[in-house]
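Secondary and tertiary structure notes
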Amino acid sequence: MRKKKAGALFMDFEVSPEDRIGGAAPRGRKAKPAAKSKAKPRKNERVEPGFGGGFFTADEREAPPPRRGRAPKQKKQPRGKKQRRGFSLWRLFGRLLYWLTTLGVVAAICVGGVVYYYWMQMPAVSTWAVPERPANIRVVAADGQLISNRGKMGGEAVALSDLPAYVPEAFIAIEDKRFYQHFGIDLWGLGAVAFESLKAHHVTRGASTLTQQLAKNLFLSPDQTLGRKVQEALLALWLEHNYTKDQILDLYLNRMFFGNNATGIEAAAQTYFGKSAKNLSLGEATILAGSMQAPSRLNPKGNPAEVEARQKLVLQAMADQGYISPAEAKAATIDPNQQIRTKVAGSESYVADWVEQLVQSYIGDVKEDIVVYTTINWDLQKEAEFLIKEAVAEQGPKYHFSQGALVAVDTSGAVRAVVGGADYSKSQYNRAVTARRQPGSTFKPFVYMTAMEKGYTPDTLSMDEPININGWSPNDADNKFMGQMTLRTALAYSRNTVAAQLAWIVGPDKVVETAQRMGISSPLEAVPSIALGTQEVSLLELTSAYVPFANGGTGVIANVITRIETASGKVLYDASPAGPGQVVSPTVVGEMNDMLSTALDIGTGKHAKLAGWQIGGKTGTSQKSRDALFVGFTSRMVTGVWLGNDDDSPTRLAGGSVPTQIWSDFMAKAHEGMTPQNLPDATSAAVPASELQPTDPIGALATDGTQPGGAGTLPDGQPAPTDLTGQQPEQGARRSPKTIGDMLKGLFGGGN
């Protein structure tokens, strides 16, 4: 080992041959070529030699050596513009598919959120159920003819199998042609409507299926909101899951609204065409199907041009879908020159309204469809309707009256006809059953009957002269006094002073008792003016109160319902004979019919005629001629007629004018084919006097000596006179507990 020199303490290194300038390469190794200078030296720049045979400038020499570690980042060179790819249909399709898928997922999430939100607002699915259909009341005449339907639906339910095939087909063709293919929501239909609406820039038509329409009708409000549409769709799915297609169609036809208070196909058929849905023609069925788009506007009573156009669309749809042939469609099309014939609500609707009110008192709440059989004679009902309507139309303007009413009751108390007004479609107020008006002189028979029961006779003499009863001085419409006359004549000419004297002598309270016994049910005040019919009563009760005169003395309760059954035939109510029994003695019946027939022979009712029959009755006109009435009878029937105005304004009528004409025409129809008979008398009464028991109130009248020829007494203990001349009541008779104010309460009746 070579000894180092002392001066080499800090220079301890040796230079190998290869490290020398121009030295040889080591053995076994090939020398690398010298690297080229990075750049040529600039002019006048100093150049120094470097290891490896190269040169470097002073700047390069002074540059610091690179740091150890990671190599410094190279500065990126700017990229040149990429070359555009050529157009590719597949690439475009792929992008479109990608975005559509993305949008679909987003939309599905949004829709799902909305559906979930509104679904959470609904009751639990386990509680969903189709609501019960409200009960229908089917009212029929005595011969089974439908009078009308009552209840919320306006008609009873009808089975799908009972309808002609073209009825449901018409609804399917125009409302939901894929009804039997979809699951409650018609996706194809929704798409078609969306496309049409986008193309037209507005919503062209609805896209709800029959199931959706039914769901809305059964469960939801008609509000056009997003929430309602979502819930409608959910309910439609539920219906499709729980019911068959035919069951859904059955529900649809029986629950949809057809306008004019008609819900269900049966109600619509009866309302618009006066027939059962089972008997609808193809043309009628397509009109009803077409009305579903807008029931209030397109129903058969709507604009004829619109109804016709809509029906053509339905027929064309049925032909296109193969339900009918083009020839059948053409034959069923509405004739533009002929108005659609629809049913008009007639006077029978007054009967139906009345029956509906009575049903609950007979059987309680109605919880299922029922059929109510009535006593109404359909032919007489329509005859009465025609006569009242004709009188109001033809004679109303002349005599200043605008309304009329008629009631016909047979001698058993069965109501055969009821007309409550001139036009039910304009006014549903029943002037025969509900209205109470002053009966005028038609109330006088109850005054005379009370006198007959107290010992007076038709031949008892009376004076038609000025009287004064505690300050009340009644007179007649003619302002004349006829002097002495029999009670028969006084009633025939309807003299007010005689009736007032009788009522005062026998007692107003006794007159009230008589009227109530005969069938008047309205409250009556025992005042002297009751003799002139100032107390208000209904035409129904007034007419019924005359029945004992016609049947020989038997009181009746006017009845219109004979039987009530369920739709399946179970009897809920069956009428049985009922009534107060004998309410007038046969003798008094004979005396009253003697006087009441004279009133029609020579008196105020002389215009009432019925060939071959003995008839009786009484006219009535209230004060200022506000009401004109006539109640007349035969041994088979009693009929009452009223004419007047709803606003109580005066007419130019008298009871013996137009009312008697209406009565005569109606009774002629009612007695067609019957053998004429006389009115009951003392020997032909329903219950002869000899058979009456003393315990019977009427029997007591027959046996206590109060009949003519006996020693009858008046309420104050005085014997009943046979001559009323000079019998003007004394002032302040102790019989009357009323003051002058009480006596003048109400309006007094007129003369006849």
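Residues numbered from 1 in each chain as written. Predicted model: local features only at pLDDT ≥ 70, side-chain atom pairs only at ≥ 80, totals over all residues. Heavy atoms only, no water.

In terms of regular secondary structure, the protein is built from 24 helices and 16 strands. For the protein, restricting intrachain contacts to residue pairs at least 6 apart in sequence, the fraction spanning at least 24 positions comes to 70%. (Helix = DSSP H or I, 4+ residues; strand = E, 2+ residues; numbered from the N terminus. Contact = heavy atoms within 4.5 Å.)

Moving on, we come to the pairing of strand 14 (residues 616-621). Of all the six residues making up strand 14, six are buried; the element is thus mostly covered by neighbouring parts of the structure. Alternating positions in strand 14 separate into two faces, Gly-616, Lys-618 and Gly-620 on one and Gly-617, Thr-619 and Thr-621 on the other, with burial throughout. The sheet contact formed by strand 14 and strand 15 (residues 627-633) spans six bridges and is antiparallel. For Thr-619, the partnering residue across the bridge sits in strand 15 and is Phe-630. Hairpin connection between strand 14 and strand 15: a loop of five residues separates the two successive antiparallel strands, and Lys-624 in this loop has a positive phi of roughly 60°. (Buried < 20%, exposed > 50% of the residue type's maximum accessible area, 1.4 Å probe, protein only. Pairing = 2+ DSSP bridges.)

What follows covers empty space enclosed by the protein. Evaluated as defined, the whole model comprises two cavities of 30 Å³ or more. In this structure, the largest cavity occupies an estimated 70 Å³ of space. For the largest cavity, the full set of lining residues is Arg-431, Ala-435, Arg-436, Arg-437, Pro-439, Val-537, Ser-538, Leu-539, Leu-542, Leu-629 and Trp-642. Approximately 50 Å³ is the volume attributed to the second largest cavity. In terms of residue class, the lining of the second largest cavity is built from five nonpolar, three polar and three charged. (1 Å grid on protein atoms, 1.4 Å probe; cavity = no way out; pocket = protein on both sides within 12 Å on 5 of 7 lines; lining within 4 Å. Points joined across faces, edges and corners; volume = space filled by probe spheres on them. Nonpolar A, V, L, I, M, F, W, Y, C, P; charged D, E, K, R; others polar.)

Applying the stated criterion to the full structure yields 15 aromatic pairs. Where Trp-128 meets Trp-238, the ring centres are 5.9 Å apart and the plane angle is 80°; that geometry is what we call edge-to-face. On the criterion of sequence distance, the pair formed by Trp-128 in the loop between helix 2 (89-120) and strand 3 (137-140) and Trp-238 in helix 6 (residues 226-242) is long-range, its members being 110 residues apart. For the pair Trp-128 and Trp-238, a shared accessibility class is recorded, and that class is buried. Between Phe-171 and Tyr-252, the aromatic rings sit 6.2 Å apart at their centres with planes inclined by 75°, giving edge-to-face as the arrangement. Of this pair, Phe-171 sits in helix 3 (residues 166-175) while Tyr-252 sits in helix 7 (residues 245-255), placing them 81 residues apart in sequence. Classification of Phe-171 by relative accessible area gives buried; the value is 0%. (Phe/Tyr/Trp six-rings, centres within 6.5 Å; stacked < 30°, edge-to-face > 60°.)

The subject of this paragraph is the side chain of Gln-311. Its location among the elements puts Gln-311 in helix 11 (residues 304-320). A relative accessible area of 1% places Gln-311 in the buried class. Dropping the residues within four chain positions of it, Gln-311 is found in contact with Gly-283, Thr-286, Ile-287, Ala-332, Thr-333 and Ile-334.

In the structure shown here, the tally under the stated rule is 26 salt bridges. The closest approach of N and O atoms between Glu-156 and Arg-138, which form a salt bridge, is 2.9 Å. Taken together, the positions of Glu-156 in the loop between strand 4 (146-150) and helix 3 and Arg-138 in strand 3 put the pair 18 residues apart, joining distant regions of the chain. What makes Glu-156 buried here is its relative accessible area of 18%. (Salt bridge = Lys/Arg side-chain N within 4 Å of Asp/Glu carboxyl O.)

Pairing is antiparallel across the open sheet formed by five strands, whose spatial order is 7-6-16-15-14. Each edge of the sheet is formed by a strand with only one pairing partner; in this case those strands are strand 7 (415-419) and strand 14. The sheet shows a mean angle of 5° between the axes of neighbouring strands, taken without regard to direction. Here seven bridges tie strand 15 to strand 16 (residues 637-644), and the two strands are oriented antiparallel to one another. From the neighbouring strand, Leu-629 faces strand 16, where its bridge partner is Trp-642. (Axes fitted to C-alpha atoms, helices over the stretch in contact; angles between N-to-C directions.)

Before going further, it helps to spend a moment on the environment of Leu-249. Structurally, Leu-249 can be placed in helix 7. Remark: the alpha-carbon pair of Leu-249 and Leu-160, spanning 89 residues in sequence, is separated by 7.7 Å. Dropping the residues within four chain positions of it, Leu-249 is found in contact with Leu-160, Pro-168, Ile-172, Phe-179, Tyr-180 and Leu-210.

Attention now moves to the environment of Lys-301. Among the structural elements, Lys-301 can be located in the loop between helix 10 (295-298) and helix 11. The class of Lys-301 is partly exposed, set by a relative accessible area of 41%. Taking C-alpha positions, Lys-301 is 7.1 Å from Thr-342, a pair spaced 41 residues apart along the chain. Apart from residues lying up to four places away in sequence, Lys-301 is in contact with Asn-260, Thr-271, Tyr-272, Thr-342 and Lys-343.

Moving on, we get to the side chain of Thr-543. The residue Thr-543 is located in helix 19 (residues 539-545) in this model. Beyond its immediate stretch of four places on either side in the chain, Thr-543 contacts Val-407, Val-409, Val-631, Val-638, Thr-639 and Gly-640.

We now examine a nonpolar patch on the surface. Taken together, the side chains of Phe-183, Leu-187, Leu-190 and Leu-237 present a nonpolar region at the surface, about 370 Å² in accessible area. Assignment of secondary structure puts Leu-237 in helix 6. (Patch = residues over 30% accessible without salt bridge, like charges linked within 9 Å, V, L, I, M, F, W, Y side chains within 5 Å. Areas by Shrake-Rupley, 256 points an atom, 1.4 Å probe, with all protein chains shown as cover.)

On to the layout of surface pockets, then. By volume, the second largest pocket amounts to about 610 Å³. For the second largest pocket, the lining is made up of 25 residues, of which Ser-148, Arg-150, Asn-260, Thr-271 and Ala-345 are closest to its centre. Of all the secondary structure elements, the ones that give two or more residues to the lining of the second largest pocket are strand 4, helix 8 (265-273) and helix 13 (348-363). Here the element with the most residues in the lining of the second largest pocket is strand 4; it accounts for five residues. Taken together, the residues of the lining of the second largest pocket break down into seven nonpolar, 12 polar and six charged.

Time to look at helix 17 (residues 496-506). Here helix 17 lies mainly inside the structure; 11 of its 11 residues are buried. For helix 17, every residue scored as buried is listed here: Asn-496, Thr-497, Val-498, Ala-499, Ala-500, Gln-501, Leu-502, Ala-503, Trp-504, Ile-505 and Val-506.

So, about unusual backbone geometry. Phi is positive for Asn-479, which is not a glycine, with a value near 55°. As for its position among the elements, Asn-479 is in the loop between strand 8 (461-464) and strand 9 (483-486). We note that Asp-648 has phi near 65°; this positive angle belongs to a residue other than glycine. As for its placement among the helices and strands, Asp-648 is situated in the loop between strand 16 and helix 22 (658-670).

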